[in-house]
Every structure is written in C-alpha cells, then in structure tokens.
Amino acid sequence: MRDISNIVILTGAGVSAESGLATFRGPDGLWEGHRVEDICTPQALARDPVLVQTFYDARRAALATVEPNAAHRALARLDAEWTGDLLIVTQNVDDLHERAGAVRMLHMHGELKSALCRRCGGRAPWATDLIDGPACGACGQAGGLRPDIVFFGEMPYQMERIEAALEDADLFVSIGTSGAVYPAAGFVQTARHYGAQTLELNLDPSAGSHFFHETRIGPASQLVVEWVDELLDG
Ligand code: APR
C-alpha cells in the first residue's frame, strides 16, 4: 500500500442526518411520497414551479434550524490539519461542512444558499425565498431565478476538478451516501482504478459496498471522528 498524501472524501445525506436533516432514500425520506427523481428535474420545475420553488424554499429556511454535527467538525479538523492534498466533495446542498469550518470542499450537486438565473446563467449567494420571483442581480430579469441545485439530467459541478483529484488520490473515503446516484456512485471505481485505497463509512452498506477495500458500519458522528483521530493522531 502506498503512503497516503492525497485524500478525496465524498459525503452524502448521511453525514447531515444526525444534524436533523432527513436523508433522501431512508424511511423518513425527505420527499414524503414523491420520488426524488419526479421532483428534482428541470421538467418538474417547468410543469409545477410553485411546488418545486416552495419545496426548496422550505429546505433553505430549514438550514437555520440545524447545526453541524461531530462528523462535519471532524472533517473540518482534518481539512485544517492535513498537510497533503485533500478535497471534500459533497453531494449535499446544505451548508454544514462550511459552517463547521471546512475550506477545501465543493458542492457537486449545487447549494441551497445559491440561486441560478435561467436567463443569464449567473449564480449568486441567496438566503431567502425564490417563490416570489425576485429579479436576478446580474441581468435584472424578474422571475428567472431557480435554486442552484443540480437536477436529475443535469451535469454536476466541477467534474473535471473531481476527476483530477480522484486520479491523484491515495485514499478515497465515502461517507453517508447510498451509492444510488451517478456519477458520484462511480467515484470509488475511478479512485481504485488509479490506485487509491478505498474506505466506506456508512450506516448501512451502500449499493457499491463491494467496490471498497474496507467498509465500516455505524453512525457518521462516531465513525468519522474515529477515522480522523486515527489518521491525524495515529
Ligand atoms: N451516519 C452515516 N450514514 C448514514 C446515517 C448516519 N447517521 N444516516 C443515514 N446514513 C446513510 C444511509 O444508510 C444511506 O446509505 O446515508 C445514506 C443516505 O443515502 P441517500 O438518502 O440516498 O442520500 P445520498 O446518497 O446523499 O443521495 C445522493 O441523490 O437525490 C439525490 O441529489 C440528491 O445528493 C443527493 C443524491
């Protein structure tokens, strides 16, 4: 096994579950009878903008009621103290990694706290509701803003940067994701292909568990803290 210098971490809804944000596919799933694939699409936004905007406005407002948990804090500590390369790629659209202090991170599926203009393509930080059709700060068009969320059928953000990090990774760690959604679900295979060790930390084995060298089962607040301690303190 080669020495570990470059680390890529993929996180999913499971890392925020203990902060009180429901996961997508669990029994207490966020979508209450709706298949996520039926709501989270450009077609759904065009067909029923009130439903989709209201849904995301509620999710954005809910961020004010939750706090980062021990897993977010441990990853922020790793980010601050790890001297090699590190990239936290989150599928989550909440802001809990950055509120815990993580810096070397990106949101591949977009962010609730950002709005995207359908007219000019501009992205801007956004903290309030979109349902009332506010104007875009860049082009002035009213009613054109949508949540800056990567819907099904759209290309995730920063894929080139992620692919490059996966190619260079010595260790790939997947935390709290079911492995149901590509391309993120395929990152383990890419990282392995280029020689990385691979570790999964999850409450249940994910769909792609068999691709990992090692899987540890348990809550993120416990497993992530233990793993970061192991890595930093030996
Ligand atoms: N600790 C660790 N893992 C947990 C915890 C916990 N406390 N609670 C739940 N999990 C695990 C579940 O076992 C499951 O494997 O987190 C995973 C959550 O899976 P999903 O709900 O499918 O969420 P995610 O994998 O992030 O979804 C991927 O799908 O809907 C889209 O764009 C959305 O980014 C999302 C993507």
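Engineer: Where do I start with the environment of Met108 in this structure?
Structural biologist: Assignment of secondary structure puts Met108 in the loop between β3 (105-107) and β4 (110-117). Among the residues examined, Met108 registers a relative accessible area of 0% and is labelled buried. In this view, Met108 contacts Leu10, Val89, Thr90, Gln91, Val150, Pro156, Tyr157, Met159, Ile162, Pro183, Ala184 and Phe187; residues no more than four positions away in its chain are not counted.

Engineer: Please explain the nonpolar core as it appears in this structure.
Structural biologist: Soluble globular proteins tend to pack their nonpolar side chains together in the buried interior. Counting 23 residues, the largest nonpolar core has Ile9, Leu75, Val173, Ile175, Leu201, Val224 and Trp227 as its most contacted members. If we ignore the near neighbours within four places in the chain, the residues touching Ile175 are Ile9, Leu10, Thr11, Gly12, Val15, Leu75, Leu201, Ala220 and Val224. In terms of nonpolar packing, the next biggest core, distinct from the first, is built from 18 residues, Met108, Ile162, Ala165 and Phe187 among them.

Engineer: It is not clear to me how the pairing of strand β7 (residues 171-175) should be interpreted in this structure. Could you clarify?
Structural biologist: For a regular strand, side-chain orientation follows a simple rule: the groups alternate between the two sheet faces. β7 sits mainly inside the fold: five of its five residues count as buried. Neither face of β7 is open: one carries Leu171, Val173 and Ile175, the other Phe172 and Ser174, and all of them are buried. Two strands pair when backbone bridges link them, and strand β1 (residues 7-11) and β7 are joined in this way by five bridges, in the parallel orientation. Bridge pairing in β7 places Val8 opposite Phe172.

Engineer: Looking at this model, I keep getting lost on the site of the ligand. Mind explaining?
Structural biologist: Around the ligand sit 22 residues, and of these Phe24, Arg25, Thr177, Ser178 and Asp204 come closest. Ser178 is positioned with one of its side-chain polar atoms (N or O) 2.6 Å from an oxygen atom of the ligand. Within the side chain of Asp204, one N or O atom sits 2.6 Å away from an oxygen atom of the ligand. For the ligand, the protein covers 91% of the area, taking 730 Å² as the surface of the free molecule. If you count residues domain by domain, the shell around the ligand takes at least three from each of domain 1 (1-21 + 68-109 + 156-234) and domain 2 (23-65 + 112-149).

Engineer: So what exactly am I meant to see when it comes to helix α7 (residues 159-168) here?
Structural biologist: In an α-helix there are 3.6 residues to a turn, and that puts residues three or four apart on one side. Taken together, the buried positions of α7 are occupied by Met159, Ile162, Ala165 and Leu166. Taken end-on, α7 shows its buried residues confined to a sector of 125 degrees, consistent with a single buried face.

Engineer: Could you clarify how one ought to interpret the sheet that holds β3 in this entry?
Structural biologist: Within a sheet, each strand pairs with its neighbour through backbone hydrogen bonds, oriented either parallel or antiparallel. Taken in spatial order, the six strands make up an open sheet running β3-β2-β1-β7-β8-β9, and their pairing is parallel. With partners counted over all chains shown, the strands left at the sheet margins are β3 and β9 (214-217), one partner each. On average, adjacent strands in this sheet sit at an angle of 15 degrees to one another, irrespective of strand direction. Bridge count between strand β2 (residues 86-90) and β3: three bridges; the pairing is parallel. Within β3, the residue paired with Val89 across the bridge is Leu106.

Engineer: Explain the packing of helix α5 (residues 70-81) against helix α9 (residues 220-233) here, please?
Structural biologist: Two numbers describe a pair of packed helices, the interaxial angle and the distance between the axes. As a packed pair, α5 and α9 sit with axes 8 Å apart at the nearest point and diverge in direction by 20 degrees. Relative to α9, the element α5 is oriented roughly parallel. Both α5 and α9 take part in a crossing whose hand is left-handed. On the side of α5, the interface is formed by Ala70, Ala71, Ala74, Leu75, Arg77, Leu78 and Glu81, while α9 contributes Ala220, Ser221, Val224, Val225, Trp227, Val228, Asp229, Leu231, Leu232 and Asp233.

Engineer: Would you explain the domain arrangement of the protein chain in this entry?
Structural biologist: On domain assignment, one finds that the protein chain holds domain 1 (1-21 + 68-109 + 156-234) and domain 2 (23-65 + 112-149). The C-alpha centroid of domain 2 is placed 26 Å from the C-alpha centroid of domain 1. With 13 residues of domain 1 in contact, the opposing surface of domain 2 contributes ten residues. Contact between domain 1 and domain 2 buries roughly 950 Å² in total, counting both sides, with carbon and sulfur atoms accounting for 59%. On the surface where domain 1 and domain 2 come into contact, there are one salt bridge. For Asp95, the salt bridge identified is with Lys113, shortest N-O distance 3.0 Å.

Engineer: Mind showing me how you'd approach the pairing of β2 here?
Structural biologist: Taking burial as the measure, the five residues of β2 include five buried ones, the bulk of the element. Of the two faces of β2, the one holding Leu86, Ile88 and Thr90 and the one holding Leu87 and Val89 are both buried throughout. Across five bridges, the pairing between β1 and β2 is parallel. Across the sheet, residue Val8 finds its bridge partner in β2, namely Leu87.

What counts, and at which threshold
Residues numbered from 1 in each chain as written. Predicted model: local features only at pLDDT ≥ 70, side-chain atom pairs only at ≥ 80, totals over all residues. Heavy atoms only, no water. Helix = DSSP H or I, 4+ residues; strand = E, 2+ residues; numbered from the N terminus. Buried < 20%, exposed > 50% of the residue type's maximum accessible area, 1.4 Å probe, protein only. Contact = heavy atoms within 4.5 Å. Core = buried A, V, L, I, M, F, W, Y, C linked by side-chain atoms within 4.5 Å. Pairing = 2+ DSSP bridges. Near = heavy atom within 4 Å. Polar contact = N/O pair within 3.5 Å; in protein donor to acceptor, adjacent residues only side chain to side chain. Areas by Shrake-Rupley, 256 points an atom, 1.4 Å probe, with all protein chains shown as cover. Domains from an automatic or database assignment. Arc of directions from axis to C-beta. Axes fitted to C-alpha atoms, helices over the stretch in contact; angles between N-to-C directions. Parallel < 35°, antiparallel > 145°, perpendicular 65-115°, else oblique. Left-handed = near helix turned anticlockwise from the far one by under 90°. Buried area = accessible area lost by both parts, 1.4 Å probe. Salt bridge = Lys/Arg side-chain N within 4 Å of Asp/Glu carboxyl O.

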